[in-house]
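Here is what each chain is made of, one letter per residue.
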Amino acid sequence: MDLSTLSAAELVKRLSSGELTAESCTESFLERIKDRDSSLNSFVSTAESAISAAQAIDERRSTGQAVGALAGLPVAVKDGICTAGIATTAGSRMLEKFVPAFDATMVKQLLSADAVVIGKTNMDEFAMGSSTENSFFGVTKNPWSDQHVPGGSSGGSAACVAADLAPVSIGSDTGGSIRQPAAFCGITGLKPTYGRVSRFGLIAFASSLDQIGPMARSAEDCGLVMNVISGHDSNDSTSAKNDVPDFTQTLNDSLKGLRIGICKEHFGEGLDSEIESAVNESVKVLESLGAETVEISLPHTPYAVATYYVIAPCEASSNLARFDGVRYTHRAATAKDLTEMYCQSRAEGFGEEVKKRIMLGTYALSSGYYDAYYLKASKVRRMIKHDYDSAFEKVDLILGPTTPTTAFKIGEHTQNALAMYLADIYTVSANLAGVPAISIPCGLTSAGMPVGLQLQARSFDEASLLRVAHQFQLQTDWHTRRPNA
Amino acid sequence: MSEPIDRKTVESVARLARIDLPEDQIDDTASKLGDVLTYIGQLEQVELPDDVEPFFGAIESVNAIRPDQLTDSVDREQILSNAPDADGEFYQVPPVL
Amino acid sequence: MSETFTSPQFDQATRDAVSNDDVTVIIGLEVHVQLDTESKLFCGCSTEFGAPPNTQTCAVCTGMPGSLPVINERALQLSIKTGLALNCEIARYTKWDRKNYFYPDLPKGYQISQFDKPICGQGYLDITAPKGEFEPRRVELERAHLEEDAGKSMHDESQRGGNSKIDLNRTGTPLLEIVTKPDMRSPAEARAFLTELKLILTYIGVSDCNMQHGNLRCDGNVNLHIKVGGEKIATPIVEIKNMNSFRAAERALGYEAGRQLKLWKQNGKTIADAPKQTRGWNDADQVTTPQREKEESADYRYFPDPDLIAVTIEESEIESIKKEIGRLPAQWRELLIKEHGLKPYDAGVMVGQGAEVVEYFLVVAQGCGNSKMASNWVGQEVLRFLNESGEAIDAYPVSADQMTELLTKVNAGELDQTRAKEVLQEMIDSKIEVQAAMDKLGIKAVDNSEIESLCRQLIDENPDVIQQIKDGNGKAVGALIGKSRKLNPNANPGLVKDTILKMIGA
C-alpha cells in the first residue's frame, strides 16, 4: 500500500480505525525519505526516536488507552524549531551541535496529540532567505525541478510535502517563508495570525513578524494541524488569548455572500503573466461558489518590502546577539581574547546573508539612525496595518498571487539580493500587519511549475481562509498534482 | 539617508556587531549594504500623518504577566553540555584583554 | 540642566586664585536595588543568593534559542510600591526595551530594560543632616526603571591571561534603577540620600538592600561648578563605579571632587573639552582610577523588545499598593518627635534602626506611660546591646512586654534607675523575666517605717553632713544616699533623700 500520497486526514482515519499502525506509517515515510531525500535534501536530520514513539502510540491504542487527535501521523518540523534531545540547527553552522533541552510549545502540542516527529527540515539559515540556498546544510531542491529552488525559508518543509516524504510539515513565516515555498512547491501553506501559535521554542529571526504554521497538501490537512498547535501559551508574552475554533468544522460552510477583495497593487509590474491568468481563473472559481469580488487597494503595499527590510534586520541583529560562542554555539578555535572570540566565532558561524542582515540591523539601530530607519519603518508599518483595517471594513478576504514569479533557478538570485527580496513582495505585508494568510496551488505554468494563490483575512479568521481554500480545492485539482506525475 | 555606506562605517558596524570582517571583504560588504540601504531609502518618500503612532509589534494587547512562583531550574550538567568550554561549574571564555 | 556654561581659558594665576568658596560640587546618583522577589524577572528560577554556580538557570535566563521572557507580576508591584514611597509619578503605560551590548555574563547579548517609558517617573526624596552638616534638601528623582541583572564574570587576576569564568545564577534578577537629578551638593548629602533611600526601601519591604550580596549598588556622577573671573565653568563629569558601601561612596565622591579641582587648576579643562569619563573607586588605596571604556559602549541601540508587550497599570492597583506602604521613616520620625517628645536626633537614631526597633519602642512607651523614659532605655540600653552584638531586635533577649514591666516599676518608683539596670542585666544574663531577676537580686519593697528608721540612723551617724545641709549645701545629701545604698540596697534613693530633708527640717 502506498501511503505517501494519502492526505493527513485519510491517514488519521486509517490509523484511528486500526487499518494502519503508527509504526508502519512512520516506517514507510522514513523509508521514503531514505530513498529519495539524498538528492532533494529537504531534511537536515531524521528522528531516530520516531519509530519507538510510534510503537508507544500503537501500544496505547491497542490497550484501549486514549490517544491524541493526530495519533500516529508523521510530521516534519522546520529545523528552526526546538525539539528536546534532537539537534536543532536553524540551518546554521553556529548551531551545528546544538541540542535543545526543551520542546517548543508547538512541538509539545503536536506530541501531546500523538503526532510523530519524523525529522527536521532544511531552511535558509536563521530563516533569512527565500530559496533555502542559504543553509549550512546545503541547497534544497524543488521537487518539480532539480534546477529550481523550493523557495524559502521553509524550503525543506515545502519540498518534503511536495515530494510526499511527509504528509504535513511545520514551517515558520517571517515575510512569506511558509507561503512562498508553498507556492513554489505546489502545496498549501498557512501563516496564522500573529499570536495564534506560540513562538516559544521558535528560534527567533524577527520576533514581531515570526509566526509558525502548517504546510500540507490541502487546506483540510492544514486545519487538522491548526486545531492542535493554536492557542494561548503563558510562556509567550505575545501569544493571543483568543478562542480557538475547530478549523475543520466550517470547511464546508457556503461561500455565498462572502466578499473577496482583489488587491490592485498585487497585479502590477513584475507579475508573471501566466501567474496573473491563473489567479484570474481562480477568481472565477470562487465567484462560481457564490463569493463576490471587488477591487480594493492596500496603498502602502509598494513600501512593504522596504519596511520589512528595516524592521526584520533590526530585530534580527539583536535576536542573533546571543550566538556568541559562550553557551551553546560554535566557537572559533583560534580566539586568544574575548573580542576575538566574539568576532571570529560569529564570522565563522554565520553565513554571508545572515552577517549582512545583522550588520544592516546594527547600522539601522545605531546612534543617529534610529529615527530615520526603525522609527520611520514602524510608522509606515502602522499605515500598512491601517490599509488592512480599512480594506477589511469592505471585504472579508483579500486575494492575489502569492509570488510575482514561479520558482527561480538555483543560483539565479544569489548575486542580486534585491531581486530575491522582491520574491516576498506580496507576502510581507501580512507579517507586518499580523493578519493570517494562506497560499494554495492554483495552476501550473507552461514550464510545468506550480503557481500559488494567496488569500489574506482579518486577524484570527484563519477559519475563513481554510474554508475558502478547501472549497476551492473541492472544485480544482491543482493541489493533487504531483511532480513527475 | 540613502547614500551608500562608506568603508569606515562598515568597519565600525562590523565591530559593533562583533563580526570579523577581513580587509578584502569591506568594499564588497559596503556595496551590498549600500544596495539595500538605497532600496529602503524609498521610505523617505512616504508621507505620514503627523499623529501616526509607530507599530512595533503585531499584537497590541497588554499585560502578559506571570505570578512570582519558582519553577525548576535546569540541571547544571545538562545546561553546560552545549557549551564549547565549561569546567563542570562555570562557562569559560577567553580573557578580556 | 538648563544652566549654560562658558568654556573660556583662564590663566594659571586666575585658576590658582580660586578658593573653595567658589566651588560647588554637583552630584547625581544611580542606585540599583534588587527587588525582593522569589523568582527572576522573566523566568521562574530562584533569586536566592549563594547557590553553587550555574544551578539557578534555565533556558530563558541563559538565553537559549527559542526561549521567551514573561514578566514577573511581583516585580512590577514592588516597583510601584517603591515609586509611591519616593513620590514618583507611576506610569499608567510602561514598556520594555532592549539595551544591546556584548558581554559573556549577558546571555542574550542585550539587557531587557526600560528606555522611554519607565515604570516610575519623576519623584523626590527629602534629606536632612543628622548632625546639621547641611541644610535640609529635596533631591529630585529623574526616574526609576525595572531591568534584569547580568550574571557574574570572574576574571583571572594572576595576569597570566587565564580564562574568565561565568556564573549566570544572578542573570535575570529584577533590579530597579533609581536615578536622581544632579541635586546633591556634597558627599555628605549623597551619603544622607543613600542612607535615607535604603531606610525607605527596607521599611516598605521591597529589598533587603544587602550591599555585600550586591542587592544595593550605586554609581555616582560628579563634577564641579566653579565661579571664576565673573563666569561660571563646569569640570568634566565623571561617573564613579564600584562604590560598595555608603562610606565608600562619601569618600569616593569627596576624593573625586578634590581630584577634579586639582586637575582643573593644572590643565583648565572644562566640560566642553572632555566627554564623560568612567572611574572606579579603589577602596584599598582610597582613590578613583580610570576604567577602561567598553568599546562603543555608548551605542546601546535601544529599541522596544518585540518579545514583550506593554503593561498598563490601573488606578485601583496603585491605590491598593498605596495601602500596603504604611508609615515611612520621615513620618515615623515626626511621630516620635511630636507625640513622644523625642529630640530630632534621637528620633533619627531610633528610626534609623529599622521599623522593628520603632515598634519595640512604641510598645514600651505606650505600656509604661513614659515616652521619655522608654526612649532613653531603648535608645541607650537596647541599641547599645544591638550594636555590640550585631544582632537585630528580634534577637534581643528582653521582649517589649518585659521591658514595659520593668519600666513601669521604675516609673512607679518601685525601682530606681541604677537598680533597674542591674535587673535588666540579670534578665539578659539569666534569660529570666523581671520578677525573677528582682528576686534573684534580693530586691523587695521597703515600707515607710523601714525608710524612716534607715534615715534616722543616717542622721544620727553623720552629724557633720547634716550640718552642711543645714548650712545650705544641698548637694551634701548625696553622701548619705551612697551610705543608704550600702545599708539597704532596696531603699529608693529619692525617697531616702526626701525623708532625710523632711526629718531635719531643711
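Scroll up for the structure.
Remember, predicted model here, so these are calculated numbers, not experimental data.

Trainee: For this particular structure, what's the right way to read the overall build of chain A?
Mentor: If you tally the helices and strands in chain A, you get 15 helices and 11 strands. Here the C-alpha radius of gyration of chain A, 21 Å, is about what a compact globule of 485 residues would show, namely 23 Å. With the C-alpha coordinates aligned to their principal axes, the bounding extent of chain A is approximately 60 × 55 × 45 Å. Per-residue burial over chain A gives 69% buried out of 485 residues. Expressed as a percentage of contacts within chain A between residues at least 6 apart in sequence, the contacts between residues at least 24 apart total 76%. Summing over all exposed atoms, chain A offers an accessible surface of approximately 14600 Å²; the carbon and sulfur share of this is 48%. Of the charged side chains in chain A, 42 are positive and 55 negative, and the gap between their average positions amounts to 4 Å.

Trainee: How should I be thinking about the overall build of chain C in this particular structure?
Mentor: Summing up its helical and strand segments, chain C has 16 helices and 17 strands in all. Structurally, chain C occupies a C-alpha span of about 95 × 65 × 55 Å along its principal axes. Looking at chain C residue by residue over its 506 residues, the buried ones come to 53%. As displayed, chain C offers around 22800 Å² of accessible surface, 47% of which is attributable to carbon and sulfur atoms.

Trainee: Honestly, helix H5 (residues 315–325) of chain C in this entry has me stumped. Any pointers?
Mentor: Because an α-helix packs 3.6 residues into every turn, residues spaced three or four apart end up facing the same way. Residue and element names in this part refer to chain C. Those residues of H5 lying buried are Ile318, Ile321 and Ile325. Each buried residue of H5 lies within a common arc of 65 degrees when the element is viewed along its axis, so the set occupies one face. Exposed and facing more than 90 degrees away from the buried side of H5 are Ser316 and Lys323. Residues of H5 that are buried sit in contact with helix H2 (73–85).

Trainee: Explain the nonpolar core to me, please; I cannot follow it from the model alone.
Mentor: What tends to happen in soluble globular proteins is that the nonpolar side chains get buried as a cluster. The biggest cluster of nonpolar side chains holds 279 residues, and the ones touching the most others in it are Leu110, Phe126 and Ile170 of chain A together with Leu29, Val31 and Phe193 of chain C. Here the element with the most residues in this core is helix H9 (residues 304–319) of chain A; it accounts for 10 residues. The residues touching Ile170 of chain A, leaving out its near neighbours within four places in the chain, are Val75, Ala76, Val77, Lys78, Ile81, Met106, Leu110, Ser157, Ile212, Gly213, Val225 and Ile229 of chain A. Phe361, Leu362, Tyr396 and Val410 of chain C belong to the second-largest nonpolar core, a separate cluster that totals 43 residues.

Trainee: Even after reading the chapter, I still don't get the layout of surface pockets, so can you show me in this structure?
Mentor: Which parts of space are left empty comes out when a probe the size of a water molecule is rolled across the atoms. All names here are of chain C. Quantified by volume, the second largest pocket comes out at close to 1400 Å³. Surrounding the second largest pocket, 44 residues form its lining, Thr195, Leu199, Arg333, Gly348 and Gly352 being those nearest its centre. The set of elements that each furnish at least two residues to the lining of the second largest pocket consists of strand E6 (123–127), helix H3 (187–203), helix H4 (246–267), helix H6 (329–340), helix H7 (344–352) and helix H8 (355–368). Top contributing element to the lining of the second largest pocket by residue count: H3, with 9 residues. Split by residue class, the lining of the second largest pocket holds 21 nonpolar, 9 polar and 14 charged. Of the domains in this structure, domain 1 (12–312) and domain 2 (329–440) are the two that each give at least three residues to the lining of the second largest pocket.

Trainee: In this structure, what is going on with the sheet that holds strand E16 (residues 303–304) of chain C? I would like to understand it.
Mentor: Strand order in this open sheet of 3 strands is E5-E4-E16 (chain C), and the pairing throughout is antiparallel. Edge positions in the sheet fall to strand E5 (110–113) and E16 of chain C, since each of these pairs with one other strand and no more. Here strand E4 (residues 97–100) of chain C runs beside E16 of chain C; their pairing, made up of 2 bridges, is antiparallel. Bridge pairing in E16 of chain C places Asp97 of chain C opposite Pro304 of chain C. Those strands touched by H9 of chain A are E4, E5 and E16 of chain C, and its axis lies near 60 degrees from that of E4 of chain C.

Trainee: Please explain the pattern of salt bridges as it appears in this structure.
Mentor: Close approach of charged atoms lets side chains of opposite charge pair. Scanning the model with the defined rule gives 50 salt bridges over all chains in all. Of the charged contacts, one joins Asp79 of chain A and Lys120 of chain A as a salt bridge, the two residues approaching to 3.1 Å between their closest N and O atoms. One end of the pair, Asp79 of chain A, is in the loop between strand E2 (74–78) and helix H4 (105–112); the other, Lys120 of chain A, is in strand E3 (residues 116–121), with 41 residues separating them in the sequence. In this structure, Asp79 of chain A and Lys120 of chain A share a single accessibility class: buried. Lys421 of chain C is the salt-bridge partner of Glu381 of chain C, the closest N and O atoms lying 3.9 Å from each other. Of this pair, Glu381 of chain C sits in helix H9 (residues 371–389) while Lys421 of chain C sits in helix H11 (residues 417–430), and the two are 40 residues apart along the sequence.

Trainee: Could you clarify how one ought to interpret the pairing of strand E1 (residues 23–34) of chain C in this entry?
Mentor: The side chains of a regular strand alternate between the sheet's two faces. Residue and element names in this part refer to chain C. Most of E1 sits inside the fold, with 11 of its 12 residues counted as buried. Note: E1 against strand E11 (residues 216–228), 11 bridges, orientation antiparallel. Residue pairing across strands places Ile26 opposite Asn223, the latter belonging to E11. Here E1 pairs with strand E10 (residues 174–180) via 5 bridges, running antiparallel. Within E10, the residue paired with Glu30 across the bridge is Val179.

Trainee: It is not clear to me how the side chain of Arg301 of chain C should be interpreted in this structure. Could you clarify?
Mentor: Note on placement: Arg301 of chain C falls in the loop between strand E15 (287–290) and E16. It is Asp299 of chain C that comes nearest to the buried, bridge-free Arg301 of chain C among opposite-charge side chains, at 4.7 Å. Beyond its immediate chain neighbours, meaning those up to four positions away, Arg301 of chain C contacts Thr362, Leu365 and Ser366 of chain A, Leu16 of chain B together with Arg98 and Asn100 of chain C.

Trainee: Would you take a moment to explain the sheet that holds E3 of chain A for this structure?
Mentor: What holds strands together in a sheet is hydrogen bonding between their backbones, with the strands either parallel or antiparallel. Residue and element names in this part refer to chain A. The 11 strands are arranged E1-E3-E2-E4-E6-E5-E10-E11-E9-E7-E8 in an open sheet whose pairing can be described as mixed. In this open sheet, the two edge strands, each paired with only one partner strand, are strand E1 (43–46) and strand E8 (292–296). Recorded for the sheet is a direction-independent mean angle of 30 degrees between the axes of neighbouring strands. As defined by bridge partners, strand E7 (residues 259–263) adjoins E8 across 5 bridges and the pair is classed as parallel. From the neighbouring strand, Ile262 faces E8, where its bridge partner is Glu295.

Trainee: For this particular structure, what's the right way to read the packing of helix H8 (residues 273–288) of chain A against helix H15 (residues 462–475) of chain A?
Mentor: For any two helices packed against each other, one specifies the inter-axial angle together with the distance between the axes. All names here are of chain A. Following both chains from N to C, one finds H8 and H15 inclined at 100 degrees, their axes separated by 10 Å at the closest point. It follows from the interaxial angle that H8 and H15 lie roughly perpendicular. Of the residues in H15, those touching H8 at Ser282, Val285 and Leu286 are Val468, Phe472 and Gln475. In the contact of H8 with H15, the residues fall into 4 nonpolar, 2 polar and no charged.

Trainee: Before we go on, may I ask you to explain the interface of chain B and chain A in this structure?
Mentor: Interfaces are often sized by the amount of accessible area the parts lose when they come together. Taken residue by residue, the interface counts 49 residues in chain B and 66 residues in chain A. Roughly 5100 Å² of surface becomes buried between chain B and chain A when both sides are summed, with 71% attributable to carbon and sulfur atoms. At the junction of chain B with chain A, the criterion picks out 1 salt bridge. At the junction of chain B with chain A, the criterion picks out 13 residue pairs in polar contact (both at pLDDT 80 or more). Elements with a minimum of two residues in the side of chain B that touches chain A: helix H1 (7–16), helix H2 (26–40) and strand E2 (91–93) of chain B. For the side of chain B that touches chain A, the element with the highest residue contribution is H2 of chain B, accounting for 8 residues.

Trainee: Is there a simple way to think about a negative patch on the surface in this case?
Mentor: Among the surface-exposed residues, Asp36, Glu38, Glu48 and Asp208 of chain C lie close enough to one another that they form a single negatively charged patch. Mapping Asp36 of chain C onto the fold places it in the loop between E1 and strand E2 (71–72).

Trainee: Is there a simple way to explain the environment of Thr38 of chain B in this structure?
Mentor: Residue and element names in this part refer to chain B. Mapped onto the fold, Thr38 is located in helix H2. For Thr38 and Pro4, which are 34 residues apart along the polypeptide, the C-alpha to C-alpha distance reads 6.7 Å. Here the side chain of Thr38 touches Gly34 through a polar contact of 2.7 Å, landing on its backbone oxygen.

Trainee: Looking at this model, I keep getting lost on empty space enclosed by the protein. Mind explaining?
Mentor: All names here are of chain C. Scanning all chains against the criterion turns up 7 cavities of 30 Å³ or more. If you add up the space inside the largest cavity, you get close to 90 Å³. Residue lining of the largest cavity: 15 residues in total, with Phe42, Val60, Pro69, Lys108 and Glu148 positioned closest to the centre. Looking at side-chain class alone, the lining of the largest cavity contains 8 nonpolar, 2 polar and 5 charged residues.

Trainee: In this structure, what is going on with the environment of Trp377 of chain C? I would like to understand it.
Mentor: All names here are of chain C. The residue Trp377 is located in helix H9 in this model. Owing to a relative accessible area of 2%, Trp377 belongs among the buried residues under this scheme. Between the C-alpha atoms of Trp377 and Gln417, which are 40 residues apart in sequence, the distance is 9.9 Å. Filtering out sequence-adjacent residues up to four positions away, Trp377 remains in contact with Val382, Met403, Leu406, Leu407, Gln417, Ala420, Lys421 and Leu424. A polar contact of 3.3 Å, which involves the side chain of Trp377, links it to the side chain of Gln417.

Calculation criteria
- Residues numbered from 1 in each chain as written.
- Chains lettered and ligands numbered in written order.
- Predicted model: local features only at pLDDT ≥ 70, side-chain atom pairs only at ≥ 80, totals over all residues.
- Heavy atoms only, no water.
- Helix = DSSP H or I, 4+ residues; strand = E, 2+ residues; numbered from the N terminus.
- Rg over C-alpha atoms; globule rule 2.2 N^0.38 Å.
- Buried < 20%, exposed > 50% of the residue type's maximum accessible area, 1.4 Å probe, protein only.
- Contact = heavy atoms within 4.5 Å.
- Areas by Shrake-Rupley, 256 points an atom, 1.4 Å probe, with all protein chains shown as cover.
- Lys, Arg positive; Asp, Glu negative; His and termini not counted.
- Charge placed at Lys NZ, Arg CZ, Asp CG, Glu CD.
- Arc of directions from axis to C-beta.
- Core = buried A, V, L, I, M, F, W, Y, C linked by side-chain atoms within 4.5 Å.
- 1 Å grid on protein atoms, 1.4 Å probe; cavity = no way out; pocket = protein on both sides within 12 Å on 5 of 7 lines; lining within 4 Å.
- Points joined across faces, edges and corners; volume = space filled by probe spheres on them.
- Nonpolar A, V, L, I, M, F, W, Y, C, P; charged D, E, K, R; others polar.
- Domains from an automatic or database assignment.
- Pairing = 2+ DSSP bridges.
- Axes fitted to C-alpha atoms, helices over the stretch in contact; angles between N-to-C directions.
- Salt bridge = Lys/Arg side-chain N within 4 Å of Asp/Glu carboxyl O.
- Parallel < 35°, antiparallel > 145°, perpendicular 65-115°, else oblique.
- Buried area = accessible area lost by both parts, 1.4 Å probe.
- Polar contact = N/O pair within 3.5 Å; in protein donor to acceptor, adjacent residues only side chain to side chain.
- Patch = residues over 30% accessible without salt bridge, like charges linked within 9 Å, V, L, I, M, F, W, Y side chains within 5 Å.

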